[in-house]
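A structural walkthrough
Okay, here's what each chain looks like letter by letter:
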Amino acid sequence: MPRMAIPERTPARPIDALLRESRTFEPAPEFRRQANVSDPAVYELAARDPEQFWAGFARELEWVRPWDRVLEWNPPRAEWFVGGKLNVAANCVDRHARTHRKNKAALIWEGEPGDVRTLTYQDLYREVSRFANVLRSLGVRRGDRVTMYLPMIPELPIAMLACARIGAPHSVVFGGFSPTALAQRMNDAECRVLITCDGYWRRGEVVFQKHRADDALRQVPGADTVIVVRRTGDRVPMQAGRDRWWHELMAEAPSECPPEEMDAEDVLFMMYTSGTTGKPKGIVHTTGGYLTGVYATTKWVFDLKDSDTYWCMADIGWITGHSYIVYGPLANGATTVMYEGSPDWPDRDRLWAMVAKYGVNVFYTAPTAIRQFMQWGPEYPARHDLSSLRLLGTVGEPINPEAWMWYHRHIGREGCPIVDTWWQTETGMILITPLPGITTTKPGSATRPFPGIEADVLDDQGRPVPPGAGGYLAIKSPWPAMLRTIWRDPERYVNQYWNKWDRSTYYAGDGAKRDEDGYFWLLGRVDDVMNVAGHRLSTMELESALVEHEAVAEAAVVAAPHEIKGQVPAAFVILQNGFGPSRELEEGLRKKVEEVIGKIARPERILFTPDLPKTRSGKIMRRLLKDIVEGRELGDTTTLRNPEIAEELRQAYWR
Ligand code: 7RM
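Turning to the overall build of the protein chain, a few remarks are in order. Helix and strand counts for the protein chain stand at 21 helices and 30 strands. Whereas a compact globule of 655 residues would reach a radius of gyration of roughly 26 Å, the protein chain reaches 24 Å, a difference of no more than 12%. Its C-alpha atoms give the protein chain principal-axis dimensions of roughly 70 × 60 × 55 Å. Across the 655 residues of the protein chain, 62% fall into the buried class. Looking at the protein chain as shown, the accessible area adds up to about 24,100 Å², and 48% of this sits on carbon and sulfur atoms. One way to put it: in the protein chain the 81 positive side-chain charges average out to a point 1 Å from where the 87 negative ones average out.

Structure representation (structure tokens):
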């Protein structure tokens, strides 16, 4: 792995200012008294015997056969709950449908137009079982992959749980990704079955998802079965022999379907995520460890109670939605809320109206959303009674203290603990976070590793750095929900995550510092991964999308700071001979990126240039481009083949 500079934190305040952040917030005594965990001794207990600590949570789940060993650790390969057998759907649904929770809402869903569907645990049991039978009747067997390209509608968690029920790993592709991105993921996973819908609502308009799916399917030779959910009722083309309506298949399916007995280490799902190359990685998660990890963290971090209504604002197309809308909350028997649409439809108070309407108690969102709420102004939350809220969470990127304080004041009304949770697609579960009944929080810090998690900040040689110094975030021992591999690419798994130091230390790709109290302050990515409004994008993917355009000879993309989205892509583009800069071409390039990756990746700035700063061996010095977009003084340019270009670009960028 190349040496990389640890970033100063952008766009939030510089780290020195953060480390001087002196406000602290202790858990209120009333909160502490009722918390699921309030004894700080859990940290030492877990550290002394992490395997027993995790086994304690695993025992709260339902196993068909108990495990023989908690952990088999042959770095960097881990197996958790070896020999154990269980089914994730049985744990998330059946287990509760047999108890007092059978008529409790498992899922409260609201569509953008205001339509509502509530599924009790018993309803969910029947829907999941029916759909599991549908999948089986279409020839889906244990081990077959199933792709979903769906918006935030109840059929998405139903389909995921149905897959879990029959042991078919799912691959949910974010509904906003482009057809090309969907095709690439389906091909990589060798999926023959796709679940999609006619369309869905976004800011009062219909997005025709089926057309997008059809575009993708033209590039997926192996796809032979498409199940289409009717959401908007619009007419969509249905290809005979391939496309079937969800509701027609469901009408004939029996509502009993015995769950497959799965091995703890069988694959539950894969989730594609951007890495440092142009090719997204299929992150593989398994059954027993994953469920234990998300169950435990949901229970302790969100302090979830049987009486709670819990709402995570993420899209299920991202890992946050998998772990903390679907599997974690349902494993806990909670009521989880789902919303289809846009937070500013029909007005900017939509979310707060929903919090009041459903009496939401626990609310989890991302810093980019909080900054957006801040910009809209406190009058929108002030229109509604938010007194049901008792705990707030944030995830996705470092939160700047201003946004933290705004969240605390205007959403939490100064009475809710805030949990700033650090984790990744790869970690599957929250790893660094406050425990709301124990931890004194500091705005901007994710505080401490969850009990049983061993984290540190290391330098290039693997030495721990002193307090206040920057380094790389490292996880020093395995955890139950950790990724097991990259789909069909075990070598990349090792190289990417376990090759920086000693093969038993996980390299997260994030910069971090610790303060005098041992609190972690995350500093952002140290690799070519950027974080746009909480979405992971790779600069390489963007660059290769741009050079696919006929007018582009070469492109370099870096992340520029952005007030609301955190980061946005800025592209420096060299044109082919015969093409000149123009507004139309700029728009054409944005369209291209949208086509290849999706709307979220559209470059905010495109700068046409005759040349890029390059080393003598011809490598683009992205570090200098970063200096430019972050408004810093230019770093060392002496090793450049063309030193003058950096300054020219800086002037052009800021003109
Ligand atoms: C859950 C998720 C992972 C990357 C990760 C970080 C950044 C996430 C925080 C955070 C600072 C946080 N998965 N990140 N949470 N940075 N504080 N609380 O976002 O795979 O999509 O992204 O997100 O850089 O490496 S992800």
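Having put the structure on the table, let's press on.
Attention shifts here to the pattern of salt bridges. Counted according to the given criterion, the structure contains 57 salt bridges. Of the charged contacts, one joins K357 and E110 as a salt bridge, the two residues approaching to 3.0 Å between their closest N and O atoms. Here the residue K357 occupies a position in helix α13 (residues 350-358), and E110 occupies one in strand β4 (residues 105-110), the gap between them amounting to 247 residues. Overall, E110 belongs to the buried group, its relative accessible area being 4%. Between K442 and D517 there is a salt bridge, and its shortest N-O distance comes to 2.6 Å. Note that K442 is positioned in the loop between β20 (418-420) and β21 (455-458) and D517 in the loop between β24 (506-514) and β25 (520-525), a separation of 75 residues in sequence. Each member of the salt-bridge network shares a partner with another, and the members are R583, E586, E587, R590, E594, K599 and R602.

Taken as a whole, this structure holds zero disulfides when the rule is applied. Take C197: it sits in no disulfide, and the sulfur closest to it among the cysteines is that of C163, at 16 Å. This cysteine, C312, is not joined by any disulfide, and C92 carries the nearest cysteine sulfur, 15 Å off. Relative accessible area serves as the criterion here: at 2%, C312 is assigned to the buried category.

Following P75, the chain continues to P76 via a peptide bond in cis, the omega torsion being 0°. The omega angle of the peptide bond from W345 to P346 is -5°, so this bond is cis rather than trans. Relative to the helices and strands, P346 is located in the loop between β17 (335-339) and α13. Not every positive phi belongs to a glycine, and R203 is a case in point at roughly 50°. Inspection of the secondary structure assignment puts R203 in the loop between β9 (200-202) and β10 (205-207). Phi angles above zero are rare outside glycine, and T447 is one such case at about 65°. Tracing the sequence through the fold places T447 in the loop between β20 and β21.

On to the packing of helix α18 (residues 539-547) against helix α19 (residues 583-596), then. Interhelical geometry of α18 versus α19 gives an angle of 120° and a closest axis separation of 9 Å. Here α18 is positioned oblique relative to α19, judged by the angle of their axes. The way α18 lies across α19 gives a crossing that is right-handed. On α19, the residues touching L542, A545 and L546 of α18 are L589, K592, V593 and V596. The residue makeup of the contact of α18 with α19, split by class, is six nonpolar, no polar and one charged.

Further remarks concern the nonpolar core. Residues W54, F131, M148, F302 and Y327 are the most contacted members of the largest nonpolar core, which totals 126 residues. What Y327 contacts, discounting residues up to four positions off in sequence, is V88, C92, M160, L161, A164, H170, L268, F269, Y290, L291, V294 and H322.

With that out of the way, let us pick up the site of the ligand. The environment of the ligand is formed by 17 residues, the closest being D420, T421, T425, D510 and R525. One of the backbone nitrogen or oxygen atoms of G396 is found 3.0 Å away from a nitrogen atom of the ligand. T421 is positioned with one of its backbone polar atoms (N or O) 2.8 Å from a nitrogen atom of the ligand. When the ligand is considered free in solution it has 520 Å² of accessible area, and contact with the protein chains removes 96% of it.

Next up on the list: the sheet that holds strand β7 (residues 170-172). Spatial strand order, β12-β11-β8-β6-β7-β14-β15-β23: eight strands in an open sheet with mixed pairing. Edge positions in the sheet fall to β12 (243-245) and β23 (485-486), since each of these pairs with one other strand and no more. Bridge count between strand β11 (residues 225-229) and β12: three bridges; the pairing is parallel. When the bridges of β12 are listed, I227 appears paired with R244. Where helix α12 (residues 319-331) meets the sheet, it contacts β7, β14 (267-273) and β15 (281-286), and its direction lies at approximately 145° from that of β14.

Turning our eyes to something else, we now look at the packing of helix α20 (residues 622-629) against helix α21 (residues 644-654). To characterise two packed helices, one gives the angle between the axes of the helices and the distance between these axes. Taken N-terminus to C-terminus, the directions of α20 and α21 make an angle of 30°; their axes are 9 Å apart at the nearest point. As for the relative orientation of α20 and α21, their crossing is right-handed in sense. Across the interface between the two elements, L624, L625, I628 and V629 from α20 touch A646, L649, R650, Y653 and W654 from α21. Residue classes in the contact of α20 with α21 are distributed as eight nonpolar, no polar and one charged.

It is worth spelling out α19 at this point. One full turn of an α-helix is made of 3.6 residues, so residues set three or four places apart face in the same direction. For α19, spanning 14 residues, the distance from its first C-alpha to its last is 20 Å, which sits close to the expected 20 Å at 1.5 Å a residue. Buried within α19 we find L585, E586, L589, R590, K592, V593, E594 and V596. Contact partners of the buried residues in α19: α8 (179-189), α18, β28 (552-562), β29 (566-575) and β30 (605-608). Positioned one or two residues after α19, G598 has a phi angle of 150°, which is positive.

Before going further, it helps to spend a moment on the sheet that holds β25. On the basis of which strands lie adjacent, the open sheet formed by four strands has the order β21-β22-β24-β25 and antiparallel pairing. Of all strands in the sheet, those with a lone pairing partner are β21 and β25, marking the two edges. For this sheet, the mean angle separating the axes of adjacent strands, direction not counted, is 45°.

Another point: the packing of aromatic side chains. Counting across every chain of the model gives 40 aromatic pairs. Each ring, one from W54 and one from F450, has its centre 6.0 Å from the other, and the planes form 20°; the classification is stacked. Taken together, the residues W54 in helix α4 (residues 50-58) and F450 in the loop between β20 and β21 connect sequence positions 396 residues apart. Exposure class is identical for W54 and F450. Each is buried. Linked through ring pairs, F53, W54, F57, Y295, W300 and F450 together constitute an aromatic cluster. Lying across the ring of W245, R230 places its NZ or CZ 5.9 Å from the centre.

Of the two faces of strand β16 (residues 309-312), the one lined by T309 and W311 and the one lined by Y310 and C312 are each fully buried. Here β16 runs beside β17; their pairing, made up of three bridges, is parallel. Residue Y310 lies in a different strand from β17, and its bridge partner there is T336. Crossover connection from β16 via α12 to parallel β17: handedness right-handed. Here β16 pairs with strand β18 (residues 362-365) via three bridges, running parallel. Counted as the bridge partner of C312 is Y364 from β18.

Rules of the game
Residues numbered from 1 in each chain as written. Predicted model: local features only at pLDDT ≥ 70, side-chain atom pairs only at ≥ 80, totals over all residues. Heavy atoms only, no water. Helix = DSSP H or I, 4+ residues; strand = E, 2+ residues; numbered from the N terminus. Rg over C-alpha atoms; globule rule 2.2 N^0.38 Å. Buried < 20%, exposed > 50% of the residue type's maximum accessible area, 1.4 Å probe, protein only. Areas by Shrake-Rupley, 256 points an atom, 1.4 Å probe, with all protein chains shown as cover. Lys, Arg positive; Asp, Glu negative; His and termini not counted. Charge placed at Lys NZ, Arg CZ, Asp CG, Glu CD. Salt bridge = Lys/Arg side-chain N within 4 Å of Asp/Glu carboxyl O. Disulfide = S-S within 2.5 Å. Axes fitted to C-alpha atoms, helices over the stretch in contact; angles between N-to-C directions. Parallel < 35°, antiparallel > 145°, perpendicular 65-115°, else oblique. Left-handed = near helix turned anticlockwise from the far one by under 90°. Contact = heavy atoms within 4.5 Å. Nonpolar A, V, L, I, M, F, W, Y, C, P; charged D, E, K, R; others polar. Core = buried A, V, L, I, M, F, W, Y, C linked by side-chain atoms within 4.5 Å. Near = heavy atom within 4 Å. Polar contact = N/O pair within 3.5 Å; in protein donor to acceptor, adjacent residues only side chain to side chain. Pairing = 2+ DSSP bridges. Expected span 1.5 Å × (residues − 1). Phe/Tyr/Trp six-rings, centres within 6.5 Å; stacked < 30°, edge-to-face > 60°. Lys NZ or Arg CZ within 6 Å of the ring centre and 35° of its normal. Right-handed = clockwise from strand over helix to strand, strands pointing away.

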